[in-house]
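A closer look at the structure
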Amino acid sequence: MSTEKADAVIVGAGASGSVLAKELAEAGLRVVLLERGPKVNPEDFFLHDELLRRETRPRVGSEELFAPREFRNQGDEKFQVLRPSDWGYAGEAAIVGGGMFFFGGLMWRRPPIDFRMKSEYGAVEGTTMEDWPVSYEELEPHFTKAEYVVGVSGEAGVNPFEGARSKPFPMPPTPIQPGDEMIRAAAKRKGYHPFVVPVGIATKEYKGRNPCIQHPCCNGYICEIGAKSTPVSALLPPALATGNCTLVPDALVKEITLDGRGRPDGVRYFKNHRLVHQRARLIILAGSAIETPRLLLNSASRRFPRGMANGNDWVGRNLMGHISPWVWGVTEKTTNEGFGPGPGIGFDDFYSHNDGFVGGSVIYSRTEVSPIAFTTRRARGAPLWGPGHKQYQRENFRRYLRLFAPAEDLPQFENRVEVSPTIKDKWGIPVARITHSFHPNDFRVWKFMRSKMIEMLAEAGAHDITGSHVGKGGTGYQLGTCRMGNDPKTSVVNSYGQSHEVDNLFVVDASVMVTSGGRNPALTIQALAFRFADYIIRQWETGAWRAGRREV
Amino acid sequence: MKRREFAYSLAALALAPPNILLRAGGGQQGSAKGLTDDEKKTLGEICERIVPKDEYPGAKELGVVVFIDRLLQEAHPEWISVYRAGLHSIDQSSREIHGAGFAELKAEQQTALLERMERGDPPAAEFFRMVRTHTMEGCYSHPKWGGNRDKAAWKMISYDDFWA
């Protein structure tokens, strides 16, 4: 089965693919947007139901959409097979809108230092830490555009560690809870620089979208009123309104196809158990830092024996996440009046130039908690059932205080995504096999951030302070794997997301990131996507990629 | 019965197919689909020890047995045999130690048995963990799932549910 040739086919309707779909369709390109997961109408979906969220954990979308994966920490270990419900699977979403559809809302600009880590710190042994091929200043207009298109609320001019911004936030910051005020006051006492964290949540009516109703079950839930700034609420409606964008849900891409001369000319995907060939001039990959390299590696051919665009064996390399400690406790006073959305006060005073290691992280508070989740939020050794547990549940449910740090995970060449030679998914496609372990620097960051958070909770008056554990490896966020860079020998794509080897192939998702930074990645993913879209549109208008014009 | 034997008997039961367990259970009226009345009675006692009645309702009053029964039948039929094996094993241990079924024991005896299970070898400890998790889910989830009757558990922790 074959279809009309599109100008661009985009694989993945999440954070980045939806940006490309909107921008290219508005510029007049005929776009086909493929998504392996279903299209869900938020209003028909389950509302803020904690049990249902737990039952569908870790992601939305049917479990059978997720292929098993193999995982190990080190090259000398055997791979363990992980099912989607296993811890460590590193799952993303399989749904139109991607993980942002139900994300916690954090929408950070990464500070300028993130883009020049090697210049700032020098080389770090055992890592592939490098400067980005794009600076904060170059990306600034795209950060601004992303903030205004999708809608970000926040407090500008308060955080001295942030880069210069050309415009304030489009919306005022979210309301915060008494516990956040405790953290703000404690941070000020310590001489830090607290601010209300930026979130992709509408705090007022924004482009026809409803403002936030402050439901306490927010992080991890689909917002049925559309207050969350997600691809579904902010990007896909304008993309589809152009008439140039065809969204195809439940479309699982198998491979990138080549024309008779060995040039990529589209993708083949499964839809209703049939294999469909979608031809396109441009192939744009936006499937996540695990699924994108998997697709490239599964698209090996005589011309690309090691996988598409993988002549230098860098596809799948440098897989990163964040090594994220979190710390919680309870206080003597009410920390939460029963409202969401949750993200509260942050400070960047330990973001960089800490003693004894590279990198750092923002620290921020989250006071929201839901009833079932709270049943395990106890100090170590405290009873997890019985009369004491029940009493603790009712005395402290509203007195919970938590800090989180999405800390730096440095890139390492051997942390990687490959495809399994033995295991295939139910469509017969080889599954991803992942190798990931933390670098000694990562553990130092983790330990340091954790100790700073414990200090801060104590300063804020909390007791029963307890921190999360850390494993040997694994990724909660998935970044890296198709690095962007100016040198074709040590990167997969250039600073516009374009493959060094194949000029009509783009990678636009979190795969391109050079370092992980100490921030949740969503806004940076989208700022990069806007930059890539700009470049593609400019090149398109000059006549690149017209049939017969350019050969590889 | 020694602790290790307790754990091993649970492991053996968990590995056995459900039809054998039904026969081992002494001809109880067990349907392969759901738990029997006797099993539910034992389960209710375990749940009640996990979230006991004080000035606020306990697990039984909150409807947690209804919740778990639904969870098993409607969402996780693969866990029914695990539950069945675990419940029979607890009851058997209770009979060997105290000469009476788990449901007939005093609350302190029940608690002691569960504490031993919680600290026991993986099969017993994991089964207890599973029941504990499901009990908490039943108590603190939306009443439409069968537990948290009259939203009593939410009221206890002053959880605002005006959107729910």
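Reference entry: report on the structure contained in this document. Computed from a predicted model, the values in this text were never measured in an experiment.

Focus on the overall build of chain B
Within chain B, the regular secondary structure consists of nine helices and zero strands. The helix and strand sequence of chain B, counted from the amino end, reads α-α-α-α-α-α-α-α-α. Across the 164 residues of chain B, 43% fall into the buried class. Restricting the contact set of chain B to residue pairs at least 6 apart, pairs at least 24 apart contribute 62%.

Details of the nonpolar core
With 195 residues, the main nonpolar core has Val9(A), Ile10(A), Leu20(A), Val31(A) and Ile284(A) as its most contacted residues. Ignoring any residue separated from it by four or fewer positions in sequence, one finds Ile10(A) in contact with Gly17(A), Leu20(A), Ala21(A), Val31(A), Leu33(A), Leu34(A), Ile284(A) and Ala286(A).

Brief notes about helix H4 (residues 136–151) of chain A
The complete set of buried residues in H4(A) reads Tyr136(A), Leu139(A), His142(A), Phe143(A), Thr144(A), Ala146(A), Glu147(A), Val150(A) and Gly151(A). Buried residues belonging to H4(A) abut helix H6 (231–241) and helix H11 (522–541) of chain A.

Things to note about the sheet that holds strand S12 (residues 343–347) of chain A
Residues and elements named next belong to chain A. The antiparallel open sheet is built from six strands, whose spatial order is S5-S12-S13-S14-S11-S17. This sheet does not close on itself; its edge strands, each paired only once, are strand S5 (195–196) and strand S17 (463–467). Here strand S13 (residues 363–366) pairs with strand S14 (residues 400–404) via two bridges, running antiparallel. Along S14, the bridge assignment pairs Tyr364 with Phe404. Across the face of the sheet, helix H5 (residues 178–189) comes into contact with S12, S13 and S14 while running at roughly 10° to S12.

So, the environment of Leu72(B)
All names here are of chain B. Counting through the fold element by element, Leu72 comes out in helix H5 (residues 64–75). When the C-alpha atoms of Leu72 and Gly147 are compared, they prove to be 14 Å apart, with 75 residues separating the residues in sequence. Not counting residues up to four positions away in its chain, the partners in contact with Leu72 are Gly34, Pro77, Trp79, Ile80 and Tyr83.

Concerning the interface of chain A and chain B
It is common to give the size of an interface as the accessible area that goes away when the parts come together. Listed per partner, the contact involves 21 residues of chain A and 22 residues of chain B. Breaking the side of chain A that touches chain B down by element, the ones donating at least two residues are helix H2 (50–55), helix H8 (371–374) and helix H9 (387–396) of chain A. When the residues that make up the side of chain A that touches chain B are grouped by side-chain class, the tally is eight nonpolar, six polar and seven charged.

What about H9(A)?
All names here are of chain A. Within the sequence span of H9, burial applies to Lys390, Tyr392, Gln393 and Asn396. The buried residues of H9 occupy an angular sector of 160° when the element is viewed end-on, so they sit on one face. Seen from the buried face of H9, the exposed residues on the opposite side, beyond 90 degrees, are Gly388 and Glu395. Lining the buried residues of H9 we find strand S11 (326–330), H8 and S14.

Description of the pairing of strand S3 (residues 69–72) of chain A
Residues and elements named next belong to chain A. Here S3 shows one buried face, formed by Arg69 and Phe71, and one open face, formed by Glu70 and Arg72. As paired elements, S3 and strand S4 (residues 80–82) share three bridges and run antiparallel to each other. Among the inter-strand pairings, Phe71 is bridged to a residue of S4, identified as Gln80.

Looking at the pairing of strand S7 (residues 252–258) of chain A
All names here are of chain A. By the bridge criterion, six bridges tie S7 to strand S8 (residues 264–271) in an arrangement that is antiparallel. Bridge pairing in S8 links Ile256 to Val267. The antiparallel pairing of S7 with S8 creates a hairpin that spans five residues between the two strands, and Gly262 there sits at a positive phi of about 80°.

Overview of the environment of Val232(A)
All names here are of chain A. Secondary-structure assignment places Val232 in helix H6. Judged by the 25 C-beta atoms lying within 10 Å of it, Val232 falls in the buried class. Along the primary structure Val232 and Val149 are separated by 83 residues, whereas in three dimensions their C-alpha atoms are 13 Å apart. Setting aside its immediate chain neighbours within four residues, Val232 contacts Pro42, Val96, Gly97 and Phe101.

Comments concerning the packing of H5(B) against helix H8 (residues 122–140) of chain B
All names here are of chain B. Contact geometry for H5 and H8: axes closest at 9 Å, N-to-C directions at 115°. Taken as axis vectors, H5 and H8 run roughly perpendicular relative to one another. As for the relative orientation of H5 and H8, their crossing is right-handed in sense. Touching Val64, Phe67, Ile68 and Leu71 of H5 are His134, Thr135, Gly138 and Cys139, all from H8. For the contact of H5 with H8, the residue count by class is five nonpolar, three polar and no charged.

Conventions used here
- Residues numbered from 1 in each chain as written.
- Chains lettered and ligands numbered in written order.
- Predicted model: local features only at pLDDT ≥ 70, side-chain atom pairs only at ≥ 80, totals over all residues.
- Helix = DSSP H or I, 4+ residues; strand = E, 2+ residues; numbered from the N terminus.
- Buried ≥ 20, exposed ≤ 12 C-beta atoms within 10 Å, placed from the backbone.
- Contact = placed C-beta atoms within 7 Å.
- Core = buried A, V, L, I, M, F, W, Y, C linked by C-beta atoms within 7 Å.
- Pairing = 2+ DSSP bridges.
- Axes fitted to C-alpha atoms, helices over the stretch in contact; angles between N-to-C directions.
- Nonpolar A, V, L, I, M, F, W, Y, C, P; charged D, E, K, R; others polar.
- Arc of directions from axis to C-beta.
- Parallel < 35°, antiparallel > 145°, perpendicular 65-115°, else oblique.
- Left-handed = near helix turned anticlockwise from the far one by under 90°.

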